[in-house]
Amino acid sequence: MNRSKAEASDRSKEAGADFLQLDTADAPPGGLTDWLTRRLREAVADGRLPVGSRLPAGRVLAAELGVSRGVVTDAYQRLAEEGQVVGRGRGGTVVVAAPAAPHRAPPAAEPPCPAPALFRADPDPEVFDLLRGTPARIDLTPGVPDLAAFPRAAWLRAERAVLDDLAAADLGYGDLRGTPALRRAVAHWLARNRGIRADPDEVLIVAGTAQALALLGRALGRAGIGEVAVEDPGSLGARQHLAHWLAATPPVPVDAEGIRVDALRATGAPAVLLTPAHQYPTGVVLGGDRRRELLRWAGEGGLVIEDDYDAEHRYDRPPVPALRAALPDRVCYAGSISKLLAPALRTGWLLVPARLRDAVLDAKRFADLGNPVLPQLVLARLMESGDLDRHLRLLRRRHRRRRDAMIAAIRTHLPGATVHGAAAGLHLMLTLPEVPGRTDTELAAAALAEGVKVQPLSWHARLPYPPGLVLGYAAGSTAEIAEGLAVLGRLVRRSSPV
């Protein structure tokens, strides 16, 4: 049979390929090779086949299209002669020609969001996405650990061990609450590090504290609770997550002993979100008397949501037990590994009182059917093997050095600033002398214009509070920290009265 007859015979099968959605029914009679060459050439020209992409093996594409292998080989050969592709033996046939009309990228010098528009006094919910996406020479925003210290070797060892032991059934839909191995490891971790005694069945694995707040918001709304008080100053991001699901988040002032429980009572709110071990952003620890007063409030019917966001990172003070350890029936406890390993892993845990458990599980079910299984099993092995404890000790040493470097730089370049929360965590809060006509949002915008990214304190406060900045020190080098503070000091001096 000659080629044209073979082509006609093969074409009658009307086969197609997922690759470029090729369908031989579109080819003219007797013109399969011309048709395939043209379709491949068009895909290179419009960018669907970018430089470096590999074409399917000739025999594979031929089988999918239901054509002779010679049709594909001839088409590839024509493209090679035109300089569109090149054959690399076992490496396959690779595209080497750039698209004729590449997608136009935005100018490199133009940030995704101009600094003045970004640092508004009333930031929208997408402000953190915009801030993360805005390039800066030095990033001193809070909330990120030393990502360069991620324990890659330990993670790979644990991942290999998990895959070696994994049964085929383990790759199916897992337990909605999380894998038993991770729930057990988290229960052990909390008992060792936070003084919390919890059964693994009480642990729900979630996609970080953000999802924990979302699930609680839905469950509380279902229980008729539409109001959760929040600390002030307090985390803007956490407040935004709660406000998305609930009707109100009344602010409650924070002083040197933590949240003012008398002011909390005055709001009449049935629930409150707290960061008692290391208040965000002030860094204060909930004092003993204030803790007892809060527990009395909770025992009278109040509900506490405890965000234990970075309690592991402490340097100059003893550990502080979690509130959940004292009153489990009135405290919802949320923690994660975002500040311990990496936010990108999107893994955390949530413990709730028994009366809320079914509603929270329902919310999780309809959110995502549970977290991915493989990362859970790897994390469980890291926790149980002691690798995570060793990583934490390494981080404490690194973070302490960077914190000390930031404090020294503040003393040098911002001698009028007051430092708060230095004993623990991954950030410092600065309050600055008030200067008429200057706001901390304007200072943050001016810093970003000079390549230094920070957060204004006023973002996190709705009640009257001095201007200031929230500065992260964990993710930058000591040299970057010193340079960033030098820029801030110069900007403050420039705007201060003579």
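Peer 1: Explanation requested: the sheet that holds strand β17 (residues 455–456) in the structure shown.
Peer 2: Remark on secondary structure: sheet strands pair via backbone hydrogen bonds, oriented parallel or antiparallel. Read from one edge of the open sheet, four strands run β14-β15-β18-β17, paired in antiparallel fashion. Of all the strands in the sheet, just β14 (418–420) and β17 have a single pairing partner and so form its edges. As paired elements, β14 and strand β15 (residues 427–431) share three bridges and run antiparallel to each other. Within β15, the position partnered with Val419 by the bridge is Leu430. Across the face of the sheet, helix α15 (residues 387–413) comes into contact with β14, β15 and β18 (468–472) while running at roughly 15 degrees to β15.

Peer 1: Would you explain the pairing of strand β11 (residues 303–307) in this entry?
Peer 2: Along any regular strand the residues' side chains alternate between the sheet's two faces. Counting buried residues in β11 gives five out of five residues, a clear majority hidden from the surface. Residues of β11 alternate between two faces, with Leu303, Ile305 and Asp307 on one and Val304 and Glu306 on the opposite face, all of them buried. For β11 and strand β12 (residues 331–336), the ladder comprises four bridges, and the chain directions are parallel. Following the sheet pairing, Val304 is matched in β12 by Val331.

Peer 1: Help me understand the side chain of Arg403, please; the structure alone is not making it clear to me.
Peer 2: Of note, Arg403 is situated in helix α15. With relative accessibility at 5%, the residue Arg403 sits in the buried group. Polar contacts involving the side chain of Arg403 include one to the side chain of Asp404, which spans 2.8 Å. Here Arg403 is in contact with Tyr315, Asp316, Ala422, Ala423, Leu428 and Tyr473, once residues within four sequence places are set aside.

Peer 1: Whenever I open this one, helix α16 (residues 440–449) confuses me. Can you help?
Peer 2: A large share of α16 lies buried, amounting to seven of its ten residues. All of the buried residues along α16 are Asp440, Thr441, Leu443, Ala444, Ala445, Ala447 and Leu448. Looking one or two places after α16, you find Gly451, whose phi comes out positive at around 90 degrees.

Peer 1: Mind showing me how you'd approach the sheet that holds strand β13 (residues 348–351) here?
Peer 2: With mixed pairing, eight strands are arranged side by side in an open sheet as β6-β13-β12-β11-β10-β7-β8-β9. The strands lining the two open edges of the sheet, one partner per strand, are β6 (204–206) and β9 (258–259). Sheet analysis places strand β10 (residues 271–274) next to β11, joined by four bridges and oriented parallel. Bridge pairing in β11 places Ala271 opposite Leu303. Seen against the sheet, helix α13 (residues 354–368) touches β6, β11, β12 and β13 and runs at an angle of roughly 35 degrees to β6.

Peer 1: Which parts of the structure should I look at to understand the environment of Lys364?
Peer 2: Mapped onto the secondary structure, Lys364 falls in helix α13. Distance in space between the C-alpha atoms of Lys364 and Leu176 is 7.5 Å, their sequence separation being 188 residues. Setting aside anything within four residues of it in sequence, one finds Lys364 in contact with Leu176, Leu204, Ile205, Val206, Ala207, Gln211, Leu215, Leu369, Gly370 and Asn371. At 2.9 Å, the side chain of Lys364 forms a polar contact with the side chain of Gln211.

Peer 1: Teacher, can you tell me more about the nonpolar core here?
Peer 2: Soluble globular proteins tend to pack their nonpolar side chains together in the buried interior. Counting residues in hydrophobic clusters, the biggest one holds 37 residues, and the most contacted among them are Met406, Val454 and Leu485. Contributions of two or more residues to this core are made by α6 (127–133), α15, β15, α16, β18 and α17 (478–495). Per element, the largest residue contribution to this core is six residues, and it comes from α17. Here Met406 is in contact with Leu140, Leu428, Leu471, Gly472, Tyr473, Ile481 and Leu485, once residues within four sequence places are set aside.

Peer 1: Just to check I follow, could you spell out the packing of aromatic side chains for this structure?
Peer 2: Two numbers describe a pair of aromatic rings. These are the distance of the centres and the angle of the planes. Under the counting rule described, the total for this entry stands at four aromatic pairs. Taking 5.4 Å as the distance between ring centres and 25 degrees as the angle between the ring planes, the aromatic pair formed by Phe119 and Trp459 counts as stacked. In this pair, Phe119 sits in the loop between α5 (115–118) and α6 while Trp459 sits in the loop between β17 and β18, placing the two residues 340 residues apart along the sequence. Among the residues examined, Phe119 registers a relative accessible area of 5% and is labelled buried.

Peer 1: Can you walk me through the pattern of salt bridges in this structure?
Peer 2: Where side chains of opposite charge bring their charged atoms close, a pairing between them can arise. For the structure on display, the rule yields 32 salt bridges. The salt bridge involving Glu300 is made with Arg265; its shortest N-O contact spans 2.9 Å. Of the two residues, Glu300 sits in the loop between α12 (288–299) and β11 while Arg265 sits in helix α11 (residues 261–267), which places them 35 residues apart along the sequence. Given the relative accessible area of 57%, Glu300 is considered exposed. Its relative accessible area of 38% is what places Arg265 among the partly exposed residues. Shared partners join several salt bridges into a network, and the residues in it are Asp175, Arg177, Arg183 and Asp201.

About the thresholds
Residues numbered from 1 in each chain as written. Predicted model: local features only at pLDDT ≥ 70, side-chain atom pairs only at ≥ 80, totals over all residues. Heavy atoms only, no water. Pairing = 2+ DSSP bridges. Helix = DSSP H or I, 4+ residues; strand = E, 2+ residues; numbered from the N terminus. Contact = heavy atoms within 4.5 Å. Axes fitted to C-alpha atoms, helices over the stretch in contact; angles between N-to-C directions. Buried < 20%, exposed > 50% of the residue type's maximum accessible area, 1.4 Å probe, protein only. Polar contact = N/O pair within 3.5 Å; in protein donor to acceptor, adjacent residues only side chain to side chain. Core = buried A, V, L, I, M, F, W, Y, C linked by side-chain atoms within 4.5 Å. Phe/Tyr/Trp six-rings, centres within 6.5 Å; stacked < 30°, edge-to-face > 60°. Salt bridge = Lys/Arg side-chain N within 4 Å of Asp/Glu carboxyl O.

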